Amino acid sequence: MTPEDETKAQYRFLVINICRITGAAMLVIGLAVIARGVFGLPKAAGYLLFLVGMVDFLLVPVFLSKRWKSTPKI
């Protein structure tokens, strides 16, 4: 693995983990809005945050890893 490939892999790993962290944060904020009305937002906004957070936490990292998967060199 060349240093350039290693740098690219580290960048991709960082991006996938940032997606997971932001998704988890949106999940928590969405649940707080739904349960307690935090930030004065309506429950519909909480459900939307929860849904977007769920997609960001579960599906985006899988999509990115499949898209970035390298082909084996023979």
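Here the structure is shown first, and the text comes after it.
Remember, predicted model here, so these are calculated numbers, not experimental data.

1. Side note on the packing of helix α1 (residues 3-36) against helix α3 (residues 60-68)
- Contact pair α1 / α3: the axes reach a minimum separation of 9 Å and the direction vectors enclose 165 degrees. Classified by the angle their axes make, α1 and α3 are roughly antiparallel. Relative to α3, α1 is oriented so that their crossing is right-handed. On the side of α1, the interface is formed by R12, V15, I16, C19 and R20, while α3 contributes V60, P61, L64, S65 and W68.
- Residues that form the contact of α1 with α3 fall into these classes: 7 nonpolar, 1 polar and 2 charged.

Procedures and definitions
- Residues numbered from 1 in each chain as written.
- Predicted model: local features only at pLDDT ≥ 70, side-chain atom pairs only at ≥ 80, totals over all residues.
- Heavy atoms only, no water.
- Axes fitted to C-alpha atoms, helices over the stretch in contact; angles between N-to-C directions.
- Helix = DSSP H or I, 4+ residues; strand = E, 2+ residues; numbered from the N terminus.
- Parallel < 35°, antiparallel > 145°, perpendicular 65-115°, else oblique.
- Left-handed = near helix turned anticlockwise from the far one by under 90°.
- Contact = heavy atoms within 4.5 Å.
- Nonpolar A, V, L, I, M, F, W, Y, C, P; charged D, E, K, R; others polar.

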